Amino acid sequence: MKPLEVGVCSWSLQVKSIPELKGFLDRLGIDLVQIACGDPHHAAWAEGDAMPKAAKAAGFRMGGAMLGFPGEDYTTPKHIERTGGFGDPALRPERLERFQWALDRTHELGLTDLMLHAGFIPEVGDPGRKSFLDTLGTVSRLAAWKGVTVAFETGQETAALLRRTLDDLKCPNLKVNFDPANMLLYDKDDPIAAVERLAPDIRTVHVKDANRPTTPGQWGEEVPLGQGQTDTRKFLLALKRVGYTGPLFIEREVGDQQQRLNDIAHGVRFIREVLG
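Nothing here was measured: the structure is a model prediction, and the numbers come from that model.

Rules used in this analysis
- Residues numbered from 1 in each chain as written.
- Predicted model: local features only at pLDDT ≥ 70, side-chain atom pairs only at ≥ 80, totals over all residues.
- Heavy atoms only, no water.
- Pairing = 2+ DSSP bridges.
- Helix = DSSP H or I, 4+ residues; strand = E, 2+ residues; numbered from the N terminus.
- Axes fitted to C-alpha atoms, helices over the stretch in contact; angles between N-to-C directions.
- Contact = heavy atoms within 4.5 Å.
- Parallel < 35°, antiparallel > 145°, perpendicular 65-115°, else oblique.
- Left-handed = near helix turned anticlockwise from the far one by under 90°.
- Nonpolar A, V, L, I, M, F, W, Y, C, P; charged D, E, K, R; others polar.

Caption draft 1: The sheet that holds strand β7 (residues 202–207), seen in detail. Spatially, β1-β2-β3-β4-β5-β6-β7-β10 is the arrangement adopted by the eight strands of the closed barrel, whose pairing is parallel. Taking each pair of neighbouring strands and ignoring which way they run, the sheet shows an average axis angle of 30 degrees. Both strand β6 (residues 174–178) and β7 contribute to a ladder of three bridges, which runs parallel. Bridge pairing links F178 to V205 in β7. Contacts between helix α1 (residues 18–28) and the sheet are confined to β1 (6–9) and β2 (32–36), with β2 contributing the most and set at about 150 degrees to the helix. This element, helix α9 (residues 232–241), spans β6, β7 and β10 (248–250) of the sheet and lies at about 165 degrees to β7.

See below:
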């Protein structure tokens, strides 16, 4: 894989089969994808259990897998705070089981990287922090047995809190899937400053643009690359400055399939123009 190579997130294309994904990648002129694991309840694949075999034979490259949990509700930030990742103690056993399924799927795909949302990380001093970090420690151990690195997607916490959490955990296979737009959508942090703080642990990147919410407690607005407050140009140059050389996966989560395809095609051109 070339440094800062451009790819796309499979779920952004709203595809249901591997041939459909391959067709869209061909139209975009790229062959690198971060692929949804394909849980029956989240970004399911028509191929079912045969998806890994089909994906490996399709003629594109994969730069990691992505897991979403059944029951995660993104209606509002408060909804996902209650339902996201490993946040609810009552759901942790079930979600650790689903995580083990995703580790097996990652292995079947021939990959060593798995991305997910950990959930809202409790602040230092919160009584729920120890049990949450214990769960993430379990995630690390389960992944290590499979030779997998797990990258937590940014956005639901400040970069300072994520930095402190990774430092407290001291798990070398727990890293960061950096999404600058999420920091604005959740109204949590400054993406450019966060790059500097999290640089040593950025494993992979979602390239997405957004504006902060205008009403507290509501979502910000996701927009095409270069049109929002992320300052994507400055963000990409910041990644280069801190020495990041991994892939850049364009993610687009609003609009119908054709609009997403158009916006992703624009994103491919935009990133290549910025990086020369």
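The rest of the description comes next.
Caption draft 2: Fine view of the packing of α1 against helix α10 (residues 257–275). In the contact formed by α1 and α10, the axes pass within 10 Å of each other and the chain directions differ by 40 degrees. Between α1 and α10, the interaxial angle falls into the category oblique. α10 is crossed by α1, and the crossing has right-handed handedness. Two secondary-structure elements touch here, α1 through E20, F24, R27 and L28 and α10 through Q257, Q258, L261, I264 and A265. A breakdown of the residues in the contact of α1 with α10 according to their chemical character gives five nonpolar, two polar and two charged.

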